[in-house]
Amino acid sequence: SYNLDKNVDFRIINLREIVAKLLLEGHAFEIVDGDINHIAMDWVSNVLESLALTIGQKKKIFVLSILGTQSTGKSTLLNTMFGANFPVSSGRCTRGIFMQLIPIEEKFRESLRYDYLVILDTEGLRAPELSVNSVHRRDNELATIAVGLGDVTLVNMFGEGHNEVQDILQITIFAFIRMKEISCKPRCIFVHQNVQDTHAHTNLISSRSNLVETLDSMTALAARQENKSSFYSKFSDVIEFHPETEVFYFPGLFEGEPPLSRVSTGYSNSAANLRHYLLKCFSSNKKRQFQSVREWSNKLNCLWESVLDENFVFSYRNALEVASRFELDHKLSAWHSSYIQSLNEWKSSSLNELFNVNYAQVTET
């Protein structure tokens, strides 16, 4: 027990207003709890509502999220482009999804048509610390939330390969097609880090084409499974993607030999070019309407409810596994129907034989 001064003025502290003010001061706020992979929706909604009241309900936001496997430089990229303060280290330094609010200078707001930039830093996917049984569902849910919440999602990859992210995007496509309540069409920009070839954009055209073809075929497969082939036939029908202009290649972060290595000017220039492209991303499209904080909060709530309701597709590694499960279920259903039909026919014939035998015995007596 503690001896408290009776004259102390105890006041009820409104935590949500405090957190909203911390957001405005540049601190990060946890959207998805990485320890349990859950959104405390009441708490997050209250904080966002307080933020909306603080900055003004008519203020518009541009939401940028990032997605990628573990230790590919996601947080470093966001920190470099926007001066954010997301933690950076090797291994699993980010858990869940964190947001940070960055105000746009007054002189740029009219041309950009939004007042604040919201950046979402996500936990690295395919973390080796997690068990294989749980990592697929966790990663697929995080990826769907990150892509669904962002106006633009940076798909961050280390090097030229994209196999792991490709698997996750396939499940994300399946999820968005199955989620009837979510009507948004997100947009993805691909970022390849640690690519030293200065002509990578030209030399890797075939690799990008193969990626798009794979994602298109997986989209068509998912649409067939959900009987929505008339609405979705290719990847860009679900997630907007322009492979000719929205694939960026970054050199390594450091150049030179340690301990004398320094930050690469090529990396800094690439980050500056990408930031300029992102901030101007929708300025030319006058039809694009940005969300208020309250509208984005409602979107988060709908998306989270849809993720909770989706108890099937997130458990699989990629779309081929989902399709195989559908095919197996179809064959099992056919086998079961055939078995029931054969059983009923045998039962009917057996009963007829028994009836005929009994009838013959009765007539003989």
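Rules of the game
Residues numbered from 1 in each chain as written. Predicted model: local features only at pLDDT ≥ 70, side-chain atom pairs only at ≥ 80, totals over all residues. Heavy atoms only, no water. Helix = DSSP H or I, 4+ residues; strand = E, 2+ residues; numbered from the N terminus. Contact = heavy atoms within 4.5 Å. Areas by Shrake-Rupley, 256 points an atom, 1.4 Å probe, with all protein chains shown as cover. Buried < 20%, exposed > 50% of the residue type's maximum accessible area, 1.4 Å probe, protein only. Pairing = 2+ DSSP bridges. Patch = residues over 30% accessible without salt bridge, like charges linked within 9 Å, V, L, I, M, F, W, Y side chains within 5 Å. Salt bridge = Lys/Arg side-chain N within 4 Å of Asp/Glu carboxyl O. pLDDT = per-residue confidence, 0-100.

**Student:** For this particular structure, what's the right way to read the overall build of the protein?
**Tutor:** Along the backbone of the protein there are 12 helices and 10 strands. In the protein, of all internal contacts separated by at least 6 residues, the share reaching a separation of at least 24 is 76%. Per element, the accessible surface of the protein, about 19,700 Å² overall, is 52% carbon and sulfur.

**Student:** Please clarify how the environment of valine 165 should be interpreted in this entry.
**Tutor:** Structurally, valine 165 can be placed in helix 6 (residues 163-178). Valine 165 gets classed as buried once you look at its relative accessible area, which sits at 6%. Dropping the residues within four chain positions of it, valine 165 is found in contact with Val155, Asn156 and Met157.

**Student:** Just checking my understanding: could you explain unusual backbone geometry for this structure?
**Tutor:** Glycine aside, residues mostly have negative phi angles, and peptide bonds mostly take the trans form. Look at arginine 113: it is not a glycine, yet its phi comes out positive at around 70°. With respect to the secondary-structure elements, arginine 113 resides in the loop between helix 4 (106-112) and strand 4 (116-122). Given the relative accessible area of 22%, arginine 113 is considered partly exposed.

**Student:** Just checking my understanding: could you explain the side chain of threonine 219 for this structure?
**Tutor:** Counting through the fold element by element, threonine 219 comes out in helix 8 (residues 205-225). Not counting residues within four places of it along the chain, the set of residues in contact with threonine 219 comprises Ile173, Ile177, Tyr232, Ser233, Lys234, Phe235 and Val238.

**Student:** Please clarify how the pairing of strand 5 (residues 152-158) should be interpreted in this entry.
**Tutor:** Working note: regular strand, side chains alternate between the two faces of the sheet. With 6 of 7 residues buried, strand 5 lies mostly within the body of the structure. Pairing of strand 2 (residues 60-68) with strand 5, which is carried by 5 bridges, proceeds in the parallel orientation. Bridged to isoleucine 66 within strand 5 is leucine 154. Bridge analysis of strand 5 against strand 6 (residues 188-193) gives 6 bridges, and the strand direction is parallel. Counted as the bridge partner of asparagine 156 is valine 191 from strand 6.

**Student:** Please clarify how a nonpolar patch on the surface should be interpreted in this entry.
**Tutor:** A surface patch of nonpolar side chains, amounting to about 350 Å² of accessible area, comprises Leu15, Ile18, Leu22 and Trp43. No other element matches the 3 residues that helix 1 (residues 15-24) contributes to the nonpolar patch. Mapped onto the elements, leucine 15 comes out in helix 1.

**Student:** Teacher, can you tell me more about the confidence of the model for the protein here?
**Tutor:** Low pLDDT means the predicted coordinates in that region are not meant to be read closely. Chain-level statistics for the protein give a pLDDT mean of 79 and a share of 81% at 70 or above. For the protein, per-element mean pLDDT is lowest for helix 7 (residues 200-203), which scores 64, and highest for strand 4, which scores 92.

**Student:** Would you explain the pairing of strand 3 (residues 96-103) in this entry?
**Tutor:** Taking burial as the measure, the 8 residues of strand 3 include 6 buried ones, the bulk of the element. Across 4 bridges, strand 1 (residues 29-33) lies against strand 3 in antiparallel orientation. Residue pairing across strands places valine 32 opposite isoleucine 97, the latter belonging to strand 3. Sheet analysis places strand 3 next to strand 4, joined by 7 bridges and oriented antiparallel. For leucine 101, the partnering residue across the bridge sits in strand 4 and is valine 118.

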